[in-house]
2 protein chains.
Amino acid sequence: MAVTIKHVAKAAGVAVGTVSRVLAKNKTVNEEIRIRVEDVIQELGYKPNSIGRSLRLNKTDLIGLVIPDITNPFFAELAKHVEMLASAEGYSVLLANSHDDPAAEQQQVQALLGRLPSGMILVPVSESVIGDLVRGKNTVTVDRPLKGQTLVGVDNRRGGYLAADHLLSLGHRRIAYMGGPPALDVARERREGFVGRIREFQQKNPSQSLAFQTVDGNFDYRAGEELGNRLLRQEGPHRPTAIATASDQQAIGLMRATADLGLSIPNDLSIVGFDDIPLASLVLPRLTTIRQPLAEIARIALDAILNRPSVTKECKLEPVLVERNSTRAWSVR
Amino acid sequence: MAVTIKHVAKAAGVAVGTVSRVLAKNKTVNEEIRIRVEDVIQELGYKPNSIGRSLRLNKTDLIGLVIPDITNPFFAELAKHVEMLASAEGYSVLLANSHDDPAAEQQQVQALLGRLPSGMILVPVSESVIGDLVRGKNTVTVDRPLKGQTLVGVDNRRGGYLAADHLLSLGHRRIAYMGGPPALDVARERREGFVGRIREFQQKNPSQSLAFQTVDGNFDYRAGEELGNRLLRQEGPHRPTAIATASDQQAIGLMRATADLGLSIPNDLSIVGFDDIPLASLVLPRLTTIRQPLAEIARIALDAILNRPSVTKECKLEPVLVERNSTRAWSVR
DNA sequence: CTGTTAGCGCCTTCAT
DNA sequence: ATGAAGGCGCTAACAG
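As the structure is a prediction and not an experimental result, all values here were calculated from the model. Residue indices begin from 1 for each chain and proceed along its sequence in written order. For this description, chains carry letters from A and ligands carry numbers from 1, given in the order in which they are written. Under the rules for a predicted model, residues below a pLDDT of 70 receive no local features and side-chain atom pairs below 80 are neither given nor counted, while totals for whole chains, interfaces and linings still include all residues. Hydrogens are left out, water is left out, and the side-chain values use all remaining heavy atoms of the structure.

Now for empty space enclosed by the protein. Two kinds of site are reported from a 1 Å grid over the protein atoms alone, namely cavities, where a 1.4 Å probe fits but cannot get out, and pockets, open sets with protein on both sides within 12 Å along at least five of seven lines, and residues are called lining when an atom falls within 4 Å of a point. Grid points are joined across faces, edges and corners, and a volume is the space filled by probe spheres set on the points. In the structure shown here, the tally under the stated rule is two cavities of 30 Å³ or more. Partitioned by chemical class, the residues of the lining of the largest cavity number one nonpolar, three polar and three charged. Reported here for the second largest cavity is a volume of approximately 30 Å³. As for the second largest cavity, its lining consists of E83, S87, Y91, S92 and V93 of chain A together with L95, A96, Q108, A111 and L112 of chain B. Strands here are runs of E lasting at least two residues and helices are runs of H or I lasting at least four, both read from the DSSP assignment and numbered beginning at the N terminus. Contributions of two or more residues to the lining of the second largest cavity are made by α5 (73-88) and β2 (92-97) of chain A together with β2 (92-97) and α6 (102-113) of chain B. Residues are sorted three ways: Asp, Glu, Lys and Arg are charged, Ala, Val, Leu, Ile, Met, Phe, Trp, Tyr, Cys and Pro are nonpolar, and all the rest, Gly among them, are polar.

The fit set for superposing copies consists of C-alpha atoms from residues with pLDDT of at least 70 in both; the fit itself is least squares. Here chain A sits on chain B after a turn of 180 degrees about the axis and a move of 0.2 Å along it, with an RMSD of 0.4 Å. Taken together, the rotation and translation describe the operation of a two-fold axis. Nearest to the rotation axis, the C-alpha of L94 of chain A is located 2.3 Å from it, this being the minimum over chain A. A shared binding surface is used by both copies, with 100% of the interface residues of chain A retained as interface residues in chain B. Should any heavy atoms of two residues lie within 4.5 Å, those residues are counted as being in contact.

Any two rings among Phe, Tyr and Trp, with Trp reduced to its six-membered ring, count as a pair given centres within 6.5 Å; such a pair is stacked if its planes are under 30 degrees apart, edge-to-face if over 60, and tilted if neither. If you walk through the whole model with that rule in mind, you get six aromatic pairs over all chains. Each ring, one from F74 of chain B and one from F75 of chain B, has its centre 5.5 Å from the other, and the planes form 65 degrees; the classification is edge-to-face. Per residue, the accessibility class of F74 of chain B equals that of F75 of chain B, and both read buried. For the ring pair F194 of chain B and F212 of chain B, a centre distance of 5.8 Å and an interplane angle of 25 degrees mean the geometry is stacked. Separated by 18 residues along the polypeptide, F194 of chain B in helix α9 (residues 185-204) and F212 of chain B in strand β7 (residues 211-216) bring together distant segments of the chain. Taking relative accessible area as the criterion, F194 of chain B reaches 0% and is therefore assigned buried. By the ring-pair criterion, three or more aromatic residues cluster together here, those being Y177, F194 and F212 of chain A. Of note, R190 of chain A hangs over the ring of F274 of chain A, and the distance from its end group to the ring centre comes to 3.9 Å. Any residue under 20% of the maximum accessible area for its type is buried, any over 50% is exposed, and the rest in between are partly exposed; the area is computed with a 1.4 Å probe on protein chains only. Here, a charge over a ring is recorded when the distance from Lys NZ or Arg CZ to the ring centre is within 6 Å and its angle to the ring normal is within 35 degrees.

One heavy atom within 4 Å of a molecule or strand is enough for the residue carrying it to be called near that molecule or strand. DNA strand C sits among 28 residues. The nearest are Y46 and R56 of chain A together with T18, I33 and R56 of chain B. The sugar-phosphate portion of DNA strand C accounts for 63% of its atoms within 4 Å of the protein, the bases making up the rest. K6 of chain A has a polar side-chain atom sitting 3.4 Å from a phosphate oxygen of DNA strand C. The separation between a phosphate oxygen of DNA strand C and a polar side-chain atom of S20 of chain A is 3.2 Å. Elements represented by at least two residues in the surface near DNA strand C include exactly α1 (5-12), α2 (16-23) and α4 (50-57) of chain A together with α2 (16-23) and α4 (50-57) of chain B. Here the element with the most residues in the surface near DNA strand C is α4 of chain A; it accounts for five residues. Counted by class, the surface near DNA strand C contains 12 nonpolar, 10 polar and six charged residues. Within 3.5 Å is the distance limit for a polar contact, defined as a pair of N or O atoms, with the added protein rule that one can donate a hydrogen and the other accept it, and that residues adjacent in sequence qualify only through two side-chain atoms.

A separate point is the protein's contact with DNA strand D. Within the structure, DNA strand D sits among 25 residues, and T18, N30 and I33 of chain A together with Y46 and R56 of chain B are positioned closest to it. If you look at DNA strand D and keep only atoms within 4 Å of the protein, 68% of those are sugar or phosphate atoms. The separation between a base nitrogen of DNA strand D and a polar side-chain atom of R21 of chain A is 2.9 Å. Taking R53 of chain B, its side chain carries an N or O atom lying 2.9 Å from a phosphate oxygen of DNA strand D. Among the secondary structure elements, those contributing two or more residues to the surface near DNA strand D are α2 and α4 of chain A together with α1 (5-12), α2 and α4 of chain B. A total of four residues in the surface near DNA strand D trace back to one element, the largest contributor, which is α4 of chain B. Looking at the surface near DNA strand D, its residues break down into 10 nonpolar, nine polar and six charged.

This part is about the interface of chain A and chain B. With 45 residues of chain A at the interface, the matching set in chain B holds 45 residues. Two parts placed together each lose some accessible area under a 1.4 Å probe, and the buried area is that loss summed for both. With both sides pooled, the region where chain A packs onto chain B buries about 4100 Å², and carbon together with sulfur makes up 58% of that total. Of all residues in chain A, I51, R115 and R256 of chain A bury the most surface against chain B, accounting for 17% of the area lost on that side. A carboxyl oxygen of Asp or Glu within 4 Å of a side-chain nitrogen of Lys or Arg is what we treat as a salt bridge. Put simply, chain A and chain B have four salt bridges between them.

Here we take up the nonpolar core. One finds I121 and L279 of chain A together with I121 and L279 of chain B to be the most contacted residues of the largest nonpolar core, which totals 102 residues. Once you skip the residues sitting within four places of it in the chain, I121 of chain A turns out to touch I63, G64, L65, V66, V82, V140, V142, A301, L302 and I305 of chain A. Of all hydrophobic cores here, the second largest spans 24 residues; its members include V134 of chain A together with L62, A96 and I130 of chain B. As used here, the term nonpolar core means buried Ala, Val, Leu, Ile, Met, Phe, Trp, Tyr and Cys residues forming a set that is joined through side-chain atoms within 4.5 Å.

Residues and elements named next belong to chain A. In this structure, E105 sits in helix α6 (residues 102-114). No salt bridge forms around the buried E105; measuring N to O, its nearest opposite-charge neighbour R144 is 6.9 Å away. Within the structure, E105 has its side chain in polar contact with the backbone nitrogen of V125 (distance 2.8 Å). Every residue in contact with E105, bar those within four places of it in the chain, is listed here: S98, L122, V123, P124, V125, S126 and I130. The convention is simple: Lys and Arg are positive, Asp and Glu are negative, and His and the chain ends are not counted.

Attention now goes to the sheet that holds strand β8 (residues 242-245) of chain B. All names here are of chain B. Two strands qualify as a pair provided that DSSP identifies no fewer than 2 bridges between them. Here we have six strands laid out as an open sheet, ordered β7-β6-β8-β9-β10-β12, and mixed in their pairing. On the outer flanks of this sheet lie β7 and β12 (320-322), each paired with one strand and no other. When strand polarity is set aside, the average angle formed by the axes of neighbouring strands in this sheet is 20 degrees. With three bridges joining them, strand β10 (residues 288-291) and β12 adopt antiparallel strand pairing. Bridge pairing links R291 to V320 in β12. Helix axes use the C-alpha atoms of the stretch in contact, all axes being lines fitted to C-alpha atoms, and the angles between their N-to-C directions lie in the range 0 to 180 degrees. The strands that helix α8 (residues 156-169) touches are β6 (174-179), β8, β9 (270-275), β10 and β12; relative to β9, the one it contacts most, it runs at about 165 degrees.

Next up on the list: unusual backbone geometry. Following L284 of chain A, the chain continues into P285 of chain A via a peptide bond in cis, with omega recorded as -10 degrees. The step from I265 of chain B to P266 of chain B runs through a cis peptide bond, and the omega angle for that step is 5 degrees. Mapped onto the secondary structure, P266 of chain B falls in the loop between α11 (248-260) and β9. The phi dihedral of N58 of chain B is positive, around 55 degrees, even though this residue is not glycine. Positionally, N58 of chain B belongs in the loop between α4 and β1 (62-67). The class for N58 of chain B is partly exposed, based on a relative accessible area of 37%.

Take a look at the structure:
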């Protein structure tokens, strides 16, 4: 058995309570004794047992993180930031994937909750099932909302708006929007923001002709490629000169479809993504996209969990347009 | 306070020991009593407290996973498989990033060890520092070796060999190899395997002219692009017609450099990667690569940790060549 | 077959 | 300022 507080106490000739106080840096400990105890701790190589501590205190130094899929670059980046911040504060993170499956999500959340974490950061998949599971559980939700739970994320409408605005101001008048799964609020909001800016333009410039269409699908590469093919196979005046997507992964899939058809980006087609995953600045051409401030999101989420007082019911951060090389001005040809 | 085994016992009119036995599915419990206890558990919504359990049993249901960077698709995939398998067995995984920094790694490992995990899966960064930290700790090492620790990974030499063999049999005679950081065993082994096949060919076909060169760098996209530029800017007969890389990320960076120079893959240049990350089959053209059986690796690693007996000191899995569209036969032109 | 009980390692109150 | 002791929730050994 490992060395415990008892061994230290005996070796130092004091009571366990005193050792505990030394550990807790309690000021009411005699200097001389403190030194002695610390020496013994060094000598014996004593390491506090976090389980005993947790049992007594009825809390752990664990943060649960439940995301759909760690393989998704966006969530990987979120996880990385959360882990960095958490470990800097002495917390460890419990990782669980829900695979976008409500049943799996429920099971994972239950499992984590059983470990009595200090808090939980959740990117929820199912609205209802999870809802009362986490009620009153010091949970914060990222990216997707959950009734009654603090949400931290980006202002998706604003993001969609920015994308549309960028394309419009570049002179594009044949535009398509590739949305995410309509079942997800995030996806709907991004699209609404985008469509909103389009409508706004149409009302202000009723004389200008503007072709606009929408498709929906999953957030992944494959969907981007498939939907892209559908969009781009339209001949002549129906084919858009610019497409905005609801995720960078879609955008990258779309880039592939574009190349497949022998079209050039940004000469024949402008593309703007969403998220700004690391890969976005590494593909060719570098992807213009709507950046989510993930480090910030992670920081706020963790803050909300560690210092309960400062919780707000909703925290929408400002997305920002990152102009790179996948978009270009369009003049009628 | 939550409902404990005591509450259940009182409500069911039995002793705590009996409840514990019901929970443990101990067969020696009277059917009738078992039912009653289970009903009460349902009714009260009792959830076993894993901390009390851990304290008593002196073990947790936690698996530590320490990797360089969750943002790296290869490690993300590893993490995903580990997490899936672990949670299927009732374990949760503690995630920590070492950021390829020995000091951070040491701190992370210490922090995780303090949580008394059942075991730890480690992709080590530093040989020495971590060595005695995990000695005797039920640790298994993945991808990179650590003295005295079980290693599960792919046979890197064999992987390198396969890549070279593929290129050679395709008829390429101007070949380059882009290696990983020479400080890493993995990188060295892959290169040795590759070079080995090249030498073998040269000895068996002394009359054939064969140009071969090597460059080294990091495993990431950026290194792939930079090294690729260096390799491809060589004019005429010095420019390779095929390049193998030590990682898919390098290969994808290289693809970008290739496109930048107006070269076509696989017409002007064949490329073979290493790892087979998800993105490898999504880039254009789809990347021919050496596949690491990650699901298998995760399974074996976890097995080694959960059933100590079956540990072997080293487990080298067979990599497999996945032929896609980034390689093509080369005839002298 | 079931009840009772003794800790697991730690913190904290209550005396001293 | 320090020691003694109780108890967090649970399991396992022992007694009945």
